[in-house]
Each structure stands twice: as structure tokens, then as C-alpha cells.
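Commentary on secondary and tertiary structure
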Amino acid sequence: ERMDRDFGPYTVPEGHYFLMGDNRNSSNDSRNNAVGAVTRDMIVGKVEGVLWHDIPSTLEDSGEKD
């Protein structure tokens, strides 16, 4: 879906991480002032794998453009 609003620029403080969810219009991530950039000790999990799908993400990808 189209983005609701623009964000940035944003300067990440030294020793912090900027986290952004993949559902940008509804993610509660570092763009939210209540969350902000986080320190390393606040990151609890690690990626075990990445899932990929073949569902087109745009009209151009699906051949529906034009």
C-alpha cells in the first residue's frame, strides 16, 4: 500500500539502532517517538531464517501495468 507519510531525516545516536517494521503504515518502530532508536541490549532475538514468496508486490511485477 502507499505510504501514509514521509519520515526523516533522522540521525541515529551513537551506540543505538534504528528499527523499522515491514508494515510501514502500522508498525510500532523507531519512527514512533515513544520507541525511538534502541540500544543493543534491548534487541532480544536473532534471525533464524528468511521467508520469500512469489506473490507480486506491484502491478508492474505482476504484468498488470498498462
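Residues numbered from 1 in each chain as written. Predicted model: local features only at pLDDT ≥ 70, side-chain atom pairs only at ≥ 80, totals over all residues. Heavy atoms only, no water.

Quick look at the overall build of the protein now. For the protein, the helix and strand inventory stands at one helix and two strands. Buried residues in the protein amount to 11% of all 66 residues. (Helix = DSSP H or I, 4+ residues; strand = E, 2+ residues; numbered from the N terminus. Buried < 20%, exposed > 50% of the residue type's maximum accessible area, 1.4 Å probe, protein only.)

Turning next to the confidence of the model for the protein. With 79% of its residues at a pLDDT of at least 70, the protein reaches an overall mean of 80. Here helix α1 (residues 59–62) stands out as the least confident element of the protein, with mean pLDDT 55; strand β1 (residues 16–17) is the most confident, with 96. (pLDDT = per-residue confidence, 0-100.)

This part is about the pattern of salt bridges. The final tally for this structure, using the stated rule, is one salt bridge. For the salt bridge of R31 with D29, the shortest nitrogen-to-oxygen distance reads 2.8 Å. (Salt bridge = Lys/Arg side-chain N within 4 Å of Asp/Glu carboxyl O.)

Glancing now at the side chain of N25. Examined against the element boundaries, N25 turns out to sit in the loop between β1 and β2 (38–39). Beyond its immediate sequence surroundings of up to four residues, N25 is in contact with E1, R2, M3 and D4. (Contact = heavy atoms within 4.5 Å.)

Together, F7, Y10 and V12 give the surface a local cluster of nonpolar side chains, amounting to about 250 Å² of exposed area. Among the structural elements, V12 can be located in the segment before β1. V12 gets classed as partly exposed once you look at its relative accessible area, which sits at 35%. (Patch = residues over 30% accessible without salt bridge, like charges linked within 9 Å, V, L, I, M, F, W, Y side chains within 5 Å. Areas by Shrake-Rupley, 256 points an atom, 1.4 Å probe, with all protein chains shown as cover.)

On to the packing of aromatic side chains, then. Tallied over the full model, the rule gives one aromatic pair. Considering the side-chain rings of Y10 and F18, the 5.0 Å spacing of their centres and the 50° angle between planes classify their relative orientation as tilted. Judged by relative accessible area, F18 falls into the partly exposed class, the value being 28%. (Phe/Tyr/Trp six-rings, centres within 6.5 Å; stacked < 30°, edge-to-face > 60°.)

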